[in-house]
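What the coordinates show
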Amino acid sequence: MAANEHGFVVVTTTHETEVQASVLASAAVRERLAACAQVYPVRSVYWWEGEVQDAEEWRIDLKTRAELADRLSAFLADRHSYEMPEVIAVPVVGGSPGYLAWVTAETAAPN
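Our subject in this report is the structure included herewith. (Residues numbered from 1 in each chain as written. Predicted model: local features only at pLDDT ≥ 70, side-chain atom pairs only at ≥ 80, totals over all residues. Heavy atoms only, no water.)

Examining the pairing of strand β2 (residues 36-48)
Looking along a regular strand, one sees the side chains alternate between the two faces of the sheet. By the bridge criterion, 13 bridges tie β2 to strand β3 (residues 51-65) in an arrangement that is antiparallel. By the bridge assignment for β3, Val42 is matched with Glu57. Between β2 and β3, which pair antiparallel one after the other, the connecting turn spans 2 residues, and Glu49 there sits at a positive phi close to 55 degrees. (Pairing = 2+ DSSP bridges. Helix = DSSP H or I, 4+ residues; strand = E, 2+ residues; numbered from the N terminus.)

In structure tokens form, the structure reads like this:
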């Protein structure tokens, strides 16, 4: 996931339980790979192993700088229990200047 001209992305993954999703979200924020993570329930319908699956999952949306997308994606994949976790990044094409400045500040290396 290469950086984009917009400077910010939302990286999304899902997890099987709320606890697993919350632990993963907290770890990413603690490592300053994301400024914020939202965890909420979703229902996923997808092909897996030749069959349509229907599962309750917990989605995590992580707000970060585009330049951190690769590191965040690797971090999520390394700590995920799924064989093939969803990890996608969507560019942020706009946002309030104050919020985007906050995302930048919270994902910067601590002094």
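Here's the deal with the layout of surface pockets
The calculated volume of the largest pocket comes to roughly 320 Å³. Along its surface, the largest pocket is lined by Thr14, Ser44, Tyr46, Trp47, Trp48, Gln53, Glu57, Tyr82, Glu83, Met84, Pro85 and Glu86. Counting residues per element, the lining of the largest pocket draws most heavily on β2, which supplies 4 residues. For the lining of the largest pocket, the per-class residue count stands at 6 nonpolar, 3 polar and 3 charged. (1 Å grid on protein atoms, 1.4 Å probe; cavity = no way out; pocket = protein on both sides within 12 Å on 5 of 7 lines; lining within 4 Å. Points joined across faces, edges and corners; volume = space filled by probe spheres on them. Nonpolar A, V, L, I, M, F, W, Y, C, P; charged D, E, K, R; others polar.)

Considerations on the side chain of His80
Note that His80 resides in the loop between α2 (69-78) and β4 (88-91). One polar contact links the side chain of His80 to the main-chain carbonyl oxygen of Thr14, over a distance of 2.7 Å. Within polar-contact distance, the side chain of His80 engages the backbone nitrogen of Tyr82 at 3.1 Å. If sequence neighbours within four positions are ignored, His80 has contacts with Thr13, Thr14, His15, Leu24 and Pro85. (Polar contact = N/O pair within 3.5 Å; in protein donor to acceptor, adjacent residues only side chain to side chain. Contact = heavy atoms within 4.5 Å.)

Comments concerning the environment of Val19
With respect to the helices and strands, the residue Val19 is situated in helix α1 (residues 18-30). Judged by relative accessible area, which is 62%, Val19 ranks as exposed. Remark: the alpha-carbon pair of Val19 and Val39, spanning 20 residues in sequence, is separated by 9.9 Å. (Buried < 20%, exposed > 50% of the residue type's maximum accessible area, 1.4 Å probe, protein only.)

Honestly, it's all geometry; don't read function into it.
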